[in-house]
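Coordinate analysis (summary)
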Amino acid sequence: MDQTVEFDRELLERYNATGPRYTSYPTANRFHDAFGAEELARSARWSNEDLIPNPLSLYVHIPFCETVCFYCGCNKIPTKDHSKSVPYLEALHKEAALLEDFFDMDRRVEQMHWGGGTPTFLGTRQMKELMFFIRSNFNLRDDDRGEYSIEIDPRDADEAMIAMLREIGFNRLSFGIQDFNEKVQEAVNRVQPLEQTMNAYKAAREHGFHSVNFDLIYGLPFQSMDSFGTTVEMVIDARPDRIAVFNYAHLPHLFKPQRRINEADLPPPEEKLGILQQTIEQLTAAGYVYIGLDHFALPEDELAQAQLNGTLYRNFQGFSAHSECDLIALGVSSIGKVGDCYYQNERSIDAYYAALERGQLPVARGVQLTADDIIRRDVINSLICYSHLDFARMEEKYGLEFEDYFAEELERLKEPLVDGLVSLQDRVITVNPRGKLLVRNVAMIFDLYLRDAGDTVTRFSRVI
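Structure report, in brief. (Residues numbered from 1 in each chain as written. Predicted model: local features only at pLDDT ≥ 70, side-chain atom pairs only at ≥ 80, totals over all residues. Heavy atoms only, no water.)

The next point concerns the state of the cysteines. Taken as a whole and judged by the stated rule, the model has zero disulfides. Left without a disulfide partner, C72 is nearest to the cysteine sulfur of C74, which lies 3.8 Å away. Taking the relative accessible area as the measure of exposure, C72 reaches 15% and is therefore buried. (Disulfide = S-S within 2.5 Å. Buried < 20%, exposed > 50% of the residue type's maximum accessible area, 1.4 Å probe, protein only.)

In C-alpha cells form, the structure reads like this:
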C-alpha cells in the first residue's frame with residue numbers, strides 16, 4: 001500500500017469537520033444502559049464456544065494521577081494520597097474473580113495493556129502483586145512473545161522501576177511526553193525535564209523492551225512550528241519504535257481541566273496545520289512509516305508489519321496488531337470487546353466499587369452489534385487501517401451485493417472522488433495520499449448512525 005501523505009491545505013480546511021476517531025463501531029456514544037452484566041456474561045460464554053476460541057487481550061485501567069495535565073480528557077482521579085490505590089487493587093481482584101465464571105481462562109492472553117490515569121502511580125510492590133494476581137487468574141504467555149505494554153510517566157519511573165517492569169513481564173512501554181518545550185509544559189501543568197525522560201528511555205533500551213512509544217500532542221498553548229519542530233527532532237534522535245502525534249482538541253465544555261488553558265494561547269489554525277505538516281515531513285524523512293490517523297512506526301515494528309500482513313486493527317488503545325482477540329476490560333470506566341458486543345464499566349469510582357460489593361460485574365453500558373454493525377465496522381476498519389476497501393472481499397465474506405447494499409454511501413462518495421481523496425477502480429476504493437489525513441471523513445460516509453437526525457457530531461473532535 002502507498003503510505004505517503006500529501007498535504008493539501010485547502011482540502012484539509014474544507015473537510016475539517018468534527019467526527020469520531022473510530023476506536024470502535026458503533027462508537028461509544030451509541031452504548032446504552034440496557035446492556036449490562038447479564039449481556040456481557042452471555043457474550044462471554046458464547047465466545048468460549050467457538051471451535052477455536054479467540055485469544056484474549058486485557059486492558060487494566062489505573063485511574064490515579066498525582067497532578068492533572070490540563071489538556072487531558074481521560075477518566076482519572078487526581079490525588080497525592082497513594083493509599084487510595086489499596087481498595088482499588090482489591091476491587092480489580094474482585095472483578096477478575098467474577099470474570100472467571102464466564103470466560104474459559106485457558107484462552108491465552110496475547111496482548112495486555114495497563115493504561116490510565118498513571119499506572120506508575122502504583123508502587124513497585126503493588127505492581128508486582130497485581131501482575132502476580134493477573135498471571136494467577138489468566139493464561140499469560142511465559143515466552144516473552146506476547147504484547148504486554150504499560151503507559152509510564154517518566155517523572156516517576158526511574159531506572160529501578162523500568163527494570164522491575166521488564167522483570168515482571170512487560171516488554172513494551174509508552175512514554176507520555178507531549179512536548180519538550182518548558183513554556184508549553186508549564187502552560188499544561190506537566191513539567192517534565194528532558195534529562196529525566198531520556199534517562200527513563202535509556203533504561204528501557206538497556207533492559208531490552210521490544211518496543212517503545214512516545215506520545216506527542218500538537219495544538220497546545222505556545223506551540224509553534226519552530227518549537228514543536230525542535231521537540232520532534234529530539235524524538236527522532238532518540239528513535240523510539242512508535243510515535244503517536246495527537247491533535248489537541250480544546251473541549252472545555254466536556255473536560256474541566258481544559259478550562260485552565262487560556263484559549264488565546266493556543267496556536268492559530270494556520271500555525272497548527274503548519275505544525276502537523278512539518279511533523280509528518282520530519283518523521284517520514286527520518287524513516288518512520290505513517291500507519292494512519294496519528295500513528296507512526298519504524299518499518300520493522302510490529303504495527304508496520306501488521307499493516308503489511310493484514311492483521312492491523314483499530315481499538316480503544318489505538319492501533320493493534322491483534323485483531324483476533326476478545327478484549328477484557330478491568331477497572332473503572334474501561335471498555336472491552338467480547339464477541340459481537342462492546343461494554344464499558346462504571347465511570348465513577350463509587351459506582352464501580354458498589355457493583356463489586358454486590359458481587360456484580362461493574363458493567364454500566366454497552367451495545368450488542370447487529371449484522372449491519374459488523375459489516376460497517378469491517379468497512380471502516382479496512383479504510384482506516386489499510387486505506388482500501390475491496391468490494392469483492394466484502395461480498396464473499398458477508399453475502400451481499402456491495403453496490404446495492406451501499407448505494408447511498410457510494411452516491412455520497414462522489415465528492416471525495418472528485419476531490420481526489422479516494423479513487424475507485426476495479427471495484428476497490430483506495431484512499432489516496434491527499435486523503436490520508438481525511439480518512440475519518442471517508443469512514444463517516446459509511447457510519448449509519450451519523451445519518452440519524454437526532455445524533456450529533458458536536459461531541460467529537462475535529463478531524464485535523
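Turning next to the packing of helix α12 (residues 371–386) against helix α13 (residues 391–398). In the contact formed by α12 and α13, the axes pass within 12 Å of each other and the chain directions differ by 150 degrees. Here α13 runs roughly antiparallel to α12, going by the angle between their axes. Of the two elements, α12 crosses α13, and the hand of that crossing is right-handed. Of the residues in α13, those touching α12 at I374, I375, D378, V379 and S382 are R393, M394, K397 and Y398. (Axes fitted to C-alpha atoms, helices over the stretch in contact; angles between N-to-C directions. Helix = DSSP H or I, 4+ residues; strand = E, 2+ residues; numbered from the N terminus. Parallel < 35°, antiparallel > 145°, perpendicular 65-115°, else oblique. Left-handed = near helix turned anticlockwise from the far one by under 90°. Contact = heavy atoms within 4.5 Å.)

Next up on the list: the pattern of salt bridges. Taken as a whole and assessed by the stated rule, the structure comprises 28 salt bridges. With a shortest N-O distance of 2.6 Å, E357 and K94 are connected by a salt bridge. Residue E357 is located in helix α11 (residues 349–357), and its partner K94 is located in helix α3 (residues 85–99); the two are separated by 263 residues in the primary sequence. A relative accessible area of 59% places E357 in the exposed class. Taking relative accessible area as the criterion, K94 reaches 35% and is therefore assigned partly exposed. Note that R155 is salt-bridged to D153, the shortest N-O span being 2.7 Å. (Salt bridge = Lys/Arg side-chain N within 4 Å of Asp/Glu carboxyl O.)

In contact at an axis separation of 11 Å, α3 and helix α4 (residues 124–137) are set at 5 degrees when each is read in the N-to-C sense. Here α4 runs roughly parallel to α3, going by the angle between their axes. Residues S85, V86, L89, L92, H93 and A96 of α3 form the contact with α4, whose own contacting residues are Q126, L130 and F133. When its residues are assigned to classes, the contact of α3 with α4 shows six nonpolar, three polar and no charged. (Nonpolar A, V, L, I, M, F, W, Y, C, P; charged D, E, K, R; others polar.)

This part covers the sheet that holds strand β18 (residues 388–390). Read across the sheet, three strands follow the order β18-β20-β19 without closing on themselves; strand pairing throughout is antiparallel. Bordering the open sheet on either side are β18 and β19 (422–425), each of which pairs with just one other strand. Strand-to-strand twist in this sheet, taken as the mean axis angle between neighbours without regard to direction, amounts to 15 degrees. Direction of pairing for β19 relative to strand β20 (residues 428–431): antiparallel, over a ladder of four bridges. Counted as the bridge partner of Q425 is V428 from β20. Of the strands in this sheet, β18 and β20 are in contact with α12, which crosses β18 at around 135 degrees. Lying on the sheet, α13 is in contact with β18, β19 and β20; it crosses β18 at an angle near 55 degrees. (Pairing = 2+ DSSP bridges.)

What follows covers helix α10 (residues 302–309). Turning to α10, its buried residues number three or more, namely L303, A304, A306 and Q307. Angularly, the buried residues of α10 cover 160 degrees about the axis, an arc narrow enough to put them on a single face. Here α10 starts with a cap whose side-chain oxygen sits 3.0 Å from the backbone nitrogen of L303, and that cap is D301. One or two residues past the end of α10 sits G310, with phi positive at roughly 85 degrees. (Arc of directions from axis to C-beta. Polar contact = N/O pair within 3.5 Å; in protein donor to acceptor, adjacent residues only side chain to side chain.)

Attention now goes to the pairing of strand β9 (residues 242–247). Burial runs high along β9: five of the six residues are buried. When strand β8 (residues 211–218) meets β9, the two strands line up parallel, connected through six bridges. Along β9, the bridge assignment pairs D215 with A244. At this point the chain moves from β8, through helix α8 (residues 225–238), to the parallel β9, and the crossover so formed is right-handed. As judged from the three bridges shared by β9 and strand β11 (residues 295–297), these two strands associate in the antiparallel manner. Of the residues in β11, the one forming a bridge with R242 is A297. (Right-handed = clockwise from strand over helix to strand, strands pointing away.)

Next up on the list: the nonpolar core. For soluble globular proteins, nonpolar side chains are generally found buried alongside one another. Formed by 127 residues in total, the largest nonpolar core has its most connected members in M112, W114, F138, L165, F170, F175 and F446. Each residue touching W114, except ones within four places of it in the same chain, is listed here: Y59, V60, P119, M127, L130, M131, I134, S149, I150, E151 and F170. Judged by nonpolar contacts, the second largest core, of eleven residues, contains C69, Y71, I217 and I261. (Core = buried A, V, L, I, M, F, W, Y, C linked by side-chain atoms within 4.5 Å.)

This paragraph deals with a negative patch on the surface. A cluster of like negative charges, contributed by E66, D156, D158, E159 and E206, occupies part of the molecular surface. Tracing the chain through its elements places D158 in the loop between β6 (147–152) and α5 (159–167). (Patch = residues over 30% accessible without salt bridge, like charges linked within 9 Å, V, L, I, M, F, W, Y side chains within 5 Å. Areas by Shrake-Rupley, 256 points an atom, 1.4 Å probe, with all protein chains shown as cover. Lys, Arg positive; Asp, Glu negative; His and termini not counted. Charge placed at Lys NZ, Arg CZ, Asp CG, Glu CD.)

For the rest of this paragraph, the subject is the packing of aromatic side chains. The way to describe two aromatic rings as a pair is by their centre distance and the angle between their planes. According to the stated counting rule, one finds 16 aromatic pairs in the structure shown. Relative to Y88, the ring of F64 lies with its centre 5.4 Å away and its plane at 85 degrees, an arrangement referred to as edge-to-face. Remark: Y88 occurs in helix α3 and F64 occurs in strand β2 (residues 64–65); sequence separation between them is 24 residues. Residue classification places F64 among the buried residues on the basis of a relative accessible area of 2%. The exposure class of Y88 is buried, given its relative accessible area of 0%. Grouped by ring-pair contacts, the aromatic residues F64, Y88, F121, Y352 and Y353 constitute a single cluster. (Phe/Tyr/Trp six-rings, centres within 6.5 Å; stacked < 30°, edge-to-face > 60°.)

The next subject is the side chain of D373. Relative to the helices and strands, D373 resides in helix α12. Here D373 occupies a buried position and makes no salt bridge, while the nearest side chain of opposite charge, R376, is found at 6.5 Å.

With that out of the way, let us pick up the pairing of strand β10 (residues 289–292). In this sheet, β11 lies alongside β10 in antiparallel orientation, the contact comprising three bridges. Bridged to Y290 within β11 is F296. Hairpin connection from β10 to β11: two residues lie between these consecutive antiparallel strands, with L293 at a positive phi of about 50 degrees.

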